[in-house]
Amino acid sequence: MPQKKTKILIIGGGFGGVYTAMTLEKLLKGDPSFEVSLISKENYMVFQPMLPEVISGSIGILDTIAPIRRLCPKTNLYTREVESIDFTNRIVTTSSGVRPRPSQIEYDHLVIAVGNITSFVGQSGLAEHALPFKYHGDALVLRNRAIHFLEEADIESDPELRRALLTFVVAGGGFSGVEAVAELNDFVRAAAHSFRRIKAAEIRVILLHAGPLILPELPEDLAQFAQKRLQRRGVEIRLSTRLAGATAESALIEGGDRIPTKTLVSTVPAAPNALVASLQCKKERGRIVVNKFLEVLDRPGVWALGDCAWVVDQNTWQPCPPTAQHAIREATCLAKNLVAGLRGQPKQGFAFKARGKLASLGHRSAVADIFGLKLSGFIAWLLWRAIYLMKMPDFDRKFRVLTDWILDLLLPQDIVQLKIERSASFGREHFEPREIIFRQGDCGDRLYIIIDGEVEIVKQESGSGEQVLGRVGPGGCFGEMALVNDNPRMATARTVSRVNLLSVDRDAFAALFAYHPPLRLMFQQLIEERVRGRAVEGKSALIEETKPLGRSQTTMS
Ligand SMILES: Cc1cc2nc3c(=O)[nH]c(=O)nc-3n(C[C@H](O)[C@H](O)[C@H](O)COP(=O)(O)OP(=O)(O)OC[C@H]3O[C@@H](n4cnc5c(N)ncnc54)[C@H](O)[C@@H]3O)c2cc1C
């Protein structure tokens, strides 16, 4: 009878998970009594330290990611999302795949390395209008959006809108925020030369930071250097400034100020991954508490590491910071301890002295604090590139990145906008009081349904000023007349209070209108009422558009 295999299951395909699998493969040397599996949402590992360079295009889109199957060829890979963990029965449930059926995977040892997320909770409008900057797709979306808005600004004549299109705001003055703003600044300023109607002086790149000095993780003189270097290259740095929320038009600052912008990136704050939040185990600031061997407390056979774990360093007695350097060292320690436990050998507590900190400032400049040696400028930048190139886990990627860097020195900036995003048919939008949702004369592109808040419909009459036609509240809809009749908007929709909306684009509306008879009847009735209202009362029945959606449906039924 074949011997039962010991099943080691890793969740997470980042630094923590992949390096654990790589080390286990080395230690187990193909021993058939063990089976190592890894579940991750993506089939690649993202080399985050180089992510900012994807914005500027100095590294190719696919070159900062490495396929997990090639990094750990002896590990079974499940490209799925883990939905729940049953510690009692030692079962992990994943999302469904092509067949709409979840799958369950058993384990003897479980390693949790799911990282953390950028949280937009508690900041109104951020989920709808801000971009996170953590994964590969985020860098790509940001790059595409920046190019798109340069294209739009080049042909836009409204000075207000033009200003918002050419203002780029990044919130968070830590490593990822600073590196992202540096690359974004270099990129939009260099790319703008290719746009005939955009002047360099029109571009604003703003970094918001809650503290008194950016890069608080670095010695003060290096942080000062970084701050001055960014300012010299045109980045406006607003210190002691917190982002409070966002709308489709602006970044909202704590205290009431607002910055008109169409591009807002938020790199703060980090919050626990939803899976970690759902786990029944001891946590500290949302991270899973582990002992010095990286075992989860009171959960035998369960281990955790990386950004999602609360690991106390045995040298300093301080919790480890959420960095790739630490995740990689923890992975080696965890894999060795796991194998030592299986072989009845002693385990070792986790201790690691970070060798240094580096931040790239773009434009061939960086700051570095390596073994206590402080460097800044070009030398630090060369060091930054050399170190991260060495650290890339795959020779293939190392070669590609090196080639990208050489080509980037020789060739002009690439400003191709990849249209990979399918525009969302349905979307949520957030507005603050007295913001314009659409203007009279705009073309009808979306139908709006109010989730909460109040909107007024206003008509501008030449000579007689402004006339408020009606107000609409939660559950009400507006904006369908221009869609149905293919006319320009006959009035302006403006928020009265803070408003959250569901918006439906022209194609989705047309499909619903065409294929869902009750909805078609409802809108036909709305249109008839509007036309009647006009004929009888001599005023626009736009007010009729403001009927709650549910009520009209009830009327129809
Ligand atoms: C822009 C940026 C720049 C950075 N620069 C540096 C730097 O220069 N130096 C440095 O040391 N650190 C840097 N960091 C921090 C570093 O990237 C993280 O500390 C490191 O990635 C943590 O590794 P991890 O494995 O814990 O998590 P992650 O790398 O975040 O990996 C988590 C993995 O879990 C997967 N996952 C999450 N939830 C689930 C689920 N439910 N089911 C299945 N899979 C799931 C994710 O898809 C991902 O593959 C940077 C981070 C960012 C965002």
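Our structure's up above, just so we're on the same page.
Residues numbered from 1 in each chain as written. Predicted model: local features only at pLDDT ≥ 70, side-chain atom pairs only at ≥ 80, totals over all residues. Heavy atoms only, no water.

Examining the overall build of the protein
Counting its secondary structure elements, the protein contains 16 helices and 34 strands. Its C-alpha atoms put the protein at 90 × 60 × 40 Å along the principal axes. For the protein, the residues scored as buried account for 50% of the 557 residues in total. For the protein, long-range pairs separated by at least 24 residues make up 68% of all intrachain contacts whose partners lie at least 6 apart in sequence. For the protein, the computed accessible surface area is about 26600 Å², with 53% contributed by carbon and sulfur atoms. Across the protein, the mean location of the 70 positive side-chain charges is 5 Å away from that of the 62 negative side-chain charges. (Helix = DSSP H or I, 4+ residues; strand = E, 2+ residues; numbered from the N terminus. Buried < 20%, exposed > 50% of the residue type's maximum accessible area, 1.4 Å probe, protein only. Contact = heavy atoms within 4.5 Å. Areas by Shrake-Rupley, 256 points an atom, 1.4 Å probe, with all protein chains shown as cover. Lys, Arg positive; Asp, Glu negative; His and termini not counted. Charge placed at Lys NZ, Arg CZ, Asp CG, Glu CD.)

Some points on the sheet that holds strand β34 (residues 499–505)
Pairing is antiparallel across the open sheet formed by 4 strands, whose spatial order is β27-β34-β29-β32. Of all strands in the sheet, those with a lone pairing partner are β27 (426–431) and β32 (477–478), marking the two edges. Sheet topology places strand β29 (residues 446–452) next to β34; 6 bridges connect them, and they run antiparallel. For I450, the partnering residue across the bridge sits in β34 and is L501. Of the strands in this sheet, β27, β29 and β34 are in contact with helix α14 (residues 506–515), which crosses β34 at around 70°. (Pairing = 2+ DSSP bridges. Axes fitted to C-alpha atoms, helices over the stretch in contact; angles between N-to-C directions.)

Side note on the site of the ligand
Around the ligand, 29 residues are found, and the nearest of them are G16, E42, V82, D307 and Y388. Interatomic distance of 3.4 Å between a backbone N/O atom of K41 and a nitrogen atom of the ligand. Contacts to the ligand include P322, whose backbone N or O atom sits 3.0 Å from an oxygen atom. Against a free-state accessible area of 1000 Å², the protein chains account for coverage of 94% of the ligand. Broken down by secondary-structure element, the contributors of at least two residues to the shell around the ligand are α1 (15–28) and α10 (324–342). The class makeup of the residues in the shell around the ligand is 11 nonpolar, 12 polar and 6 charged. (Near = heavy atom within 4 Å. Polar contact = N/O pair within 3.5 Å; in protein donor to acceptor, adjacent residues only side chain to side chain. Nonpolar A, V, L, I, M, F, W, Y, C, P; charged D, E, K, R; others polar.)

Focus: the pairing of strand β25 (residues 366–370)
Here β25 lies mainly inside the structure; 5 of its 5 residues are buried. Side chains of β25 alternate between two faces, with A366, A368 and I370 and V367 and D369 buried alike. Looking at chain direction, strand β24 (residues 356–360) and β25 are connected through 5 bridges and run antiparallel. Looking at β25, one finds that A359 is bridged to V367. Adjacent in sequence and paired antiparallel, β24 and β25 are bridged by 5 residues, among which G362 carries a positive phi angle near 70°. Across 5 bridges, β25 lies against strand β26 (residues 373–377) in antiparallel orientation.

Observations concerning the sheet that holds β26
The 3 strands lie next to each other as β24-β25-β26, forming an open sheet whose pairing is antiparallel. What marks the edges here is a single partner per strand, and that holds for β24 and β26. If you compare each strand with its neighbour and ignore which way they point, the axes differ by 5° on average. Set on the sheet, helix α8 (residues 220–232) makes contact with β25 and β26; between it and β26 the angle comes to about 5°.

Notes on α1
Compared with the 20 Å implied by 1.5 Å per residue over 14 residues, the 20 Å span of α1 between its first and last C-alpha is a close match. Of all 14 residues in α1, 12 are buried, a share of seventy percent or more. The set of residues buried in α1 consists of F15, G16, G17, V18, Y19, T20, A21, M22, T23, L24, E25 and L28. (Expected span 1.5 Å × (residues − 1).)

Observations concerning the nonpolar core
In this structure, M50, I85, V92, L110, I112 and I288 are the most contacted members of the largest nonpolar core, which totals 74 residues. When residues in this core are grouped by element, the largest group, 8 residues, is from α10. Ignoring any residue separated from it by four or fewer positions in sequence, one finds I85 in contact with I11, I91, V92, Y107, L110, I112, L275 and L279. (Core = buried A, V, L, I, M, F, W, Y, C linked by side-chain atoms within 4.5 Å.)

Here we look at the state of the cysteines
Put plainly, two cysteines are in a disulfide when a covalent bond ties their sulfur atoms together. Overall, the coordinates contain 0 disulfides when judged by the stated rule. Cysteine C443 remains unbridged, with the sulfur of C477 as its closest cysteine sulfur at 19 Å. Under the relative-accessibility criterion, C443 is labelled exposed at 59%. (Disulfide = S-S within 2.5 Å.)

Some points on the packing of aromatic side chains
The description of an aromatic ring pair uses the distance of the two centres, along with the angle that the planes make with each other. In total, this model carries 10 aromatic pairs according to the counting rule given. An angle of 15° between the planes, with centres 6.3 Å apart, marks the rings of F15 and Y19 as stacked. Of this pair, F15 and Y19 both sit in helix α1, 4 residues apart, which is roughly one turn of the helix. Across the pair, exposure class does not vary: F15 and Y19 are buried alike. An aromatic cluster is built from F15, Y19, F47, W384 and Y388, whose rings are joined through pairwise contacts. (Phe/Tyr/Trp six-rings, centres within 6.5 Å; stacked < 30°, edge-to-face > 60°.)

Here's the deal with the pattern of salt bridges
All told, the structure shown has 21 salt bridges when counted by the stated rule. D108 is paired through a salt bridge with K4; the nearest N and O atoms lie 3.9 Å apart. With D108 in the loop between β8 (103–106) and β9 (109–112) and K4 in the segment before β1 (6–11), this pair connects stretches of sequence that are 104 residues apart. Owing to a relative accessible area of 63%, K4 belongs among the exposed residues under this scheme. (Salt bridge = Lys/Arg side-chain N within 4 Å of Asp/Glu carboxyl O.)

What about the packing of α1 against α10?
Between α1 and α10, whose axes approach to 8 Å, the crossing angle comes to 35°. As for the relative orientation of α1 and α10, their crossing is right-handed in sense. Along the contact surface, α1 presents F15, G16, Y19, T20, T23, L24, L27 and L28, while α10 presents A324, A327, I328, A331, T332, L334, A335, K336 and V339. (Left-handed = near helix turned anticlockwise from the far one by under 90°.)

Examining α14
Each turn of an α-helix holds 3.6 residues, which means side chains three or four residues apart point in the same direction. Among the residues of α14, those classed as buried are A508, F509 and F513. Mapping the buried residues of α14 onto a view down its axis gives an arc of 130°, with all of them on the same face. Every exposed residue of α14 that faces more than 90 degrees away from the buried side is listed here: D507 and Y515. Near the N-terminus of α14, the side chain that reaches the backbone nitrogen of D507, with its oxygen 3.2 Å away, is that of D505. (Arc of directions from axis to C-beta.)

Just geometry here; none of it tells us what the structure is for.
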